[in-house]
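Results of the structural survey
Each chain, letter by letter, is given below.
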Amino acid sequence: MKKLLSIVVLCLFLYGCEKDDICTPETPTTPRLIIEFYSIVNTSVPKEVANLEIKGEGASSVINFNLVSKIELPLKTNEDVTSYNFTINSTSETPVFNVDKIEINYTRKDIYISRACGFKTYFSLNLLNPIIQTNPADDSVLWIKNIEIIKNNIENEEDVHVKMYF
């Protein structure tokens, strides 16, 4: 009887076990916004940005880029707006830096991946006001001269979503 009870308990124990569910690094996660910079003079030519500093609103740290024409920025998965300050010539020895505030407006859709990986979020830029550009210094000089939406739906990091001209 003890033997039968031990076998039943063992079977119940093994039946209750789950297979290991591992989230591999290849599993697609929440995509970032891909921004590519272009020359305002020749709009078909990508242009590198020198000494670009990007700080998220409310963030304590900054992201620095130098001599890049394409960047990736995360969007908030718990809000429908993400704001960044884009500072050009941020490490310049002279006070020639310029800050543009970029507010990105979107809707979110959470997609279930698996138990181990959880959810990822897809974003759709708002059609009426997808990006609002302001100048936090209240001067009349915006260094980003034009912003063009290339793809409204942000579902992967292979496509450019926004082009900025300066």
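Right, let's talk about the sheet that holds strand β9 (residues 146-149) for a bit. One open sheet holds the four strands; their spatial order is β4-β1-β11-β9, and the pairing between them is mixed. Looking at which strands have only one partner, the edges of the open sheet turn out to be β4 (70-73) and β9. Ignoring which end each strand starts from, the neighbouring axes of this sheet average 25 degrees apart. Where strand β1 (residues 33-38) lies against strand β11 (residues 162-165), four bridges are found, and the strand directions are parallel. Looking at β11, one finds that Ile 35 is bridged to Val 162.

Below, the discussion takes up the side chain of Glu 36. Relative to the elements of secondary structure, Glu 36 occurs in strand β1. With no salt bridge to any partner, buried Glu 36 finds its closest opposite charge in Lys 70, at an N-O distance of 4.3 Å. Not counting chain neighbours up to four residues away, the residues in contact with Glu 36 comprise Ser 69, Lys 70, Val 160, Val 162, Lys 163 and Met 164.

What follows concerns the pairing of β11. Remember that side chains alternate between the two faces of the sheet whenever the strand is regular. Direction of pairing for β9 relative to β11: antiparallel, over a ladder of four bridges. Looking at the pairing, Asn 146 lines up with Tyr 165 of β11.

What follows concerns the state of the cysteines. Across all of its chains, the model carries one disulfide by this definition. One disulfide bridge connects Cys 23 with Cys 117, the sulfur atoms lying 1.9 Å from each other. Where Cys 23 bonds to Cys 117 through sulfur, the torsion about that S-S bond is close to 110 degrees, and the disulfide is right-handed. Of this pair, Cys 23 sits in the loop between α1 (2-16) and β1 while Cys 117 sits in the loop between β6 (98-114) and β7 (118-125), placing them 94 residues apart in sequence. Classification of Cys 23 as partly exposed rests on a relative accessible area of 32%.

How each quantity is defined
Residues numbered from 1 in each chain as written. Predicted model: local features only at pLDDT ≥ 70, side-chain atom pairs only at ≥ 80, totals over all residues. Heavy atoms only, no water. Pairing = 2+ DSSP bridges. Helix = DSSP H or I, 4+ residues; strand = E, 2+ residues; numbered from the N terminus. Axes fitted to C-alpha atoms, helices over the stretch in contact; angles between N-to-C directions. Buried < 20%, exposed > 50% of the residue type's maximum accessible area, 1.4 Å probe, protein only. Lys, Arg positive; Asp, Glu negative; His and termini not counted. Salt bridge = Lys/Arg side-chain N within 4 Å of Asp/Glu carboxyl O. Contact = heavy atoms within 4.5 Å. Disulfide = S-S within 2.5 Å.

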